[in-house]
2 protein chains.
Amino acid sequence: MREVFQQELADVQGRLVEIARLVRAAITDATKAVATSNVSLAERVIDGDRLIDERSLALDELAIEILARQAPVARDLRIVVSALRISASLERMGDLAAHIAQVSRYRYPGQVGPEAIRTTFEQMGAVDVEIASKLVELLATQRIDIADEIKSDDIKVDALHRSTFDILQNEDDGVAVIDATLMSRYHERFADHAVSIAKKIEYLATGDWHQLDWQQRDAPGTAE
Amino acid sequence: MREVFQQELADVQGRLVEIARLVRAAITDATKAVATSNVSLAERVIDGDRLIDERSLALDELAIEILARQAPVARDLRIVVSALRISASLERMGDLAAHIAQVSRYRYPGQVGPEAIRTTFEQMGAVDVEIASKLVELLATQRIDIADEIKSDDIKVDALHRSTFDILQNEDDGVAVIDATLMSRYHERFADHAVSIAKKIEYLATGDWHQLDWQQRDAPGTAE
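Residues numbered from 1 in each chain as written. Chains lettered and ligands numbered in written order. Predicted model: local features only at pLDDT ≥ 70, side-chain atom pairs only at ≥ 80, totals over all residues. Heavy atoms only, no water.

*Asks:* An account of the overall build of chain A is requested, with residue identities and associated values reported.
*Replies:* Assigned secondary structure in chain A consists of six helices and zero strands. Ordered by position from N to C terminus, the α and β elements of chain A give α-α-α-α-α-α. In terms of overall dimensions, chain A is globule-like: its C-alpha atoms have a radius of gyration of 18 Å, near the 17 Å expected for 224 residues. Judged by the C-alpha coordinates and their principal axes, chain A covers about 65 × 35 × 25 Å. The buried share of chain A, taken over its 224 residues, is 61%. Put simply, 82% of the contacts in chain A that link residues at least 6 apart link residues at least 24 apart. On chain A, roughly 8,700 Å² of surface is accessible, and the fraction owed to carbon and sulfur atoms is 49%. (Helix = DSSP H or I, 4+ residues; strand = E, 2+ residues; numbered from the N terminus. Rg over C-alpha atoms; globule rule 2.2 N^0.38 Å. Buried < 20%, exposed > 50% of the residue type's maximum accessible area, 1.4 Å probe, protein only. Contact = heavy atoms within 4.5 Å. Areas by Shrake-Rupley, 256 points an atom, 1.4 Å probe, with all protein chains shown as cover.)

*Asks:* Explain the side chain of Ser-89 of chain B to me, and be specific about the residues and the numbers.
*Replies:* Note on placement: Ser-89 of chain B falls in helix H3 (residues 74–107). Discounting chain neighbours no more than four positions away, the residues touching Ser-89 of chain B are His-193, Ser-196 and Ile-197 of chain B.

*Asks:* Lay out the UniProt feature "domain: PhoU" (unreviewed entry) in chain A in plain terms, naming residues and giving numbers.
*Replies:* All names here are of chain A. UniProt's entry tags residues 17–102 and 122–200 with the feature "domain: PhoU" (unreviewed entry), counted in the numbering of this structure. Span residues 17–102 is 94% helix and 0% strand, its end C-alpha atoms 25 Å apart. What you have in residues 122–200 is 91% helix and 0% strand, and the ends, taken at the C-alpha atoms, are 28 Å apart. (UniProt positions renumbered as here; feature names shortened; annotations may be inferred.)

*Asks:* With reference to specific residues and values, describe helix H2 (residues 39–70) of chain B.
*Replies:* Taking 1.5 Å per residue as the helical rise, H2 of chain B with its 32 residues ought to reach 46 Å, and the 47 Å between its terminal C-alpha atoms agrees with that figure. Looking one or two residues past H2 of chain B, Ala-71 of chain B carries a phi angle of roughly 40°, positive in sign. (Expected span 1.5 Å × (residues − 1).)

*Asks:* Tell me what's going on with a negative patch on the surface, and back it up with residues and numbers.
*Replies:* A cluster of like negative charges, contributed by Asp-172 and Asp-173 of chain A together with Asp-172 and Asp-173 of chain B, occupies part of the molecular surface. Relative accessible area serves as the criterion here: at 53%, Asp-172 of chain B is assigned to the exposed category. (Patch = residues over 30% accessible without salt bridge, like charges linked within 9 Å, V, L, I, M, F, W, Y side chains within 5 Å. Salt bridge = Lys/Arg side-chain N within 4 Å of Asp/Glu carboxyl O. Lys, Arg positive; Asp, Glu negative; His and termini not counted. Charge placed at Lys NZ, Arg CZ, Asp CG, Glu CD.)

*Asks:* I'd like a rundown of the packing of helix H3 (residues 74–107) of chain A against H2 of chain B, residues and numbers included.
*Replies:* Axis separation between H3 of chain A and H2 of chain B bottoms out at 11 Å; the angle between their running directions is 130°. It follows that H3 of chain A is oblique to H2 of chain B by the angle criterion. As for how H3 of chain A packs across H2 of chain B, the hand of that crossing is right-handed. When H3 of chain A is examined against H2 of chain B, the residues Leu-77, Arg-78, Val-81 and Arg-85 of chain A are found in contact with a partner set consisting of Asp-60, Glu-61, Ile-64, Leu-67 and Ala-68 of chain B. Of the residues belonging to the contact of H3 of chain A with H2 of chain B, the class tally is five nonpolar, no polar and four charged. (Axes fitted to C-alpha atoms, helices over the stretch in contact; angles between N-to-C directions. Parallel < 35°, antiparallel > 145°, perpendicular 65-115°, else oblique. Left-handed = near helix turned anticlockwise from the far one by under 90°. Nonpolar A, V, L, I, M, F, W, Y, C, P; charged D, E, K, R; others polar.)

*Asks:* Tell me what's going on with the nonpolar core, and back it up with residues and numbers.
*Replies:* Judged by nonpolar contacts, the single largest core of 142 residues is most densely connected at Leu-90 and Leu-139 of chain A together with Leu-90 and Leu-139 of chain B. Beyond its immediate sequence surroundings of up to four residues, Leu-139 of chain A is in contact with Gln-13, Leu-16, Val-17, Ala-20, Ile-86, Leu-90, Ile-197 and Ile-201 of chain A. (Core = buried A, V, L, I, M, F, W, Y, C linked by side-chain atoms within 4.5 Å.)

*Asks:* Describe the pattern of salt bridges, listing the residues and the values that go with them.
*Replies:* Counted according to the given criterion, the structure contains 44 salt bridges over all chains. Ionic pairing is found between Glu-115 of chain A and Arg-118 of chain A, a salt bridge with its closest N-O pair at 3.0 Å. A salt bridge links Asp-145 of chain B to Arg-143 of chain B; the nearest nitrogen and oxygen atoms lie 2.8 Å apart. In this structure Asp-145 of chain B comes out as partly exposed when scored by relative accessible area, which is 36%. Residue Arg-143 of chain B is classed as partly exposed on the basis of its relative accessible area, which comes to 39%. Several salt bridges share partner residues, and in doing so they unite Glu-130, Lys-134, Glu-149, Asp-153 and Lys-156 of chain A into one network.

*Asks:* Could you give me a rundown of unusual backbone geometry, with the residues and numbers involved?
*Replies:* Residue and element names in this part refer to chain A. The residue after Tyr-108, namely Pro-109, is reached through a cis peptide bond having omega 5°. In this model, Ala-71 sits at a positive phi of 40°, which is unusual for a non-glycine residue. Classification of Ala-71 as partly exposed rests on a relative accessible area of 30%.

*Asks:* Lay out the environment of Ile-178 of chain A with the relevant residues and their values.
*Replies:* Residues and elements named next belong to chain A. Within the fold, Ile-178 resides in helix H6 (residues 174–206). Taking relative accessible area as the criterion, Ile-178 reaches 0% and is therefore assigned buried. Sequence spacing of Ile-178 and Val-112 is 66 residues, and the spatial spacing of their C-alpha atoms is 9.7 Å.

So this is what it looks like as structure tokens:
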């Protein structure tokens, strides 16, 4: 029974890694679609989100089956419940990558946001891609030093998010400001979900349940 | 054992209702704070979010304890897993109400967004308050006709959300457009989470697991 359970946990882990790879491809392509106004790439990201949703749903069903058949307790139970939450965050990260691609598609053949914001978007996109790569690595290896790196990267994304408001407040093109505000918010939330996953892996590794903040956090984005 | 389990499920349900009541108070006060530029009310919502977080975390711990002690299967297991997901959505709804209050606080003693958007915000706020009230009722009674009402209300919020872009695209005040874009997004996400909860209750009632979309959905908001 124990051996079967360990195999099932390995299966869960493998599937999480696989979904994280899909999310990494989605944010990589979405960022590229925005930077190059590539509408077919944007559409590929939007269509591809369906696969992330399906994989995430299948993983949830597997986790619930494991709970039913194995009735895990203590740390084993926490692992399975965490897998359900990590799956939800990955699914959401896929949605956010698709939202970024959608903004790009709406503006095609034009570009998203005012000229002054483009470099910032490229930077936010690059950090989000980096975060997604680290997430794949973290889920595959459970090395908690990677969790710390993701948290540092999130601080960079937050700083870039705040900087967009400084840039946008002097813009007078309503549509460009709307797009850019949402785009920045999507990038920021993408990084938040990665941090939420990183914290779960960290606490599974350290076993420090009582410190565990199961919930995701974000700072509201607004022009201060 | 069965009787204890039923008591524990009733406890879980009661706690979900209690958190939903806190969320209803938060969105009611946040909407009022925006409409009246009431900074002390805004601060009450922001500070009050801590209580929603704590209650939600406590409920999660209870649900995990129930999984460990009772090892529920089939429908019982789905109920406990759903409670974990409903808790996460309620916690997020509390965050979104706090974000709305924060935008109001930043602008104090000024108002949020351009003049032209104010009526729309009052309408979105009123529907979100209505949704939160229905959510309390739905969680308390499990009457699935209320789930349908919440879905209809969400369609109203989505329409209002789209209408904000029509209003904002002609505005030239960057800060006002940023604030209004985020505010509208927060209201729209608030309603999305309520629909996500409504769907879970509905499927628990109908037992139609295979149709169950465990994941939350949203439409990206952008000016089309």
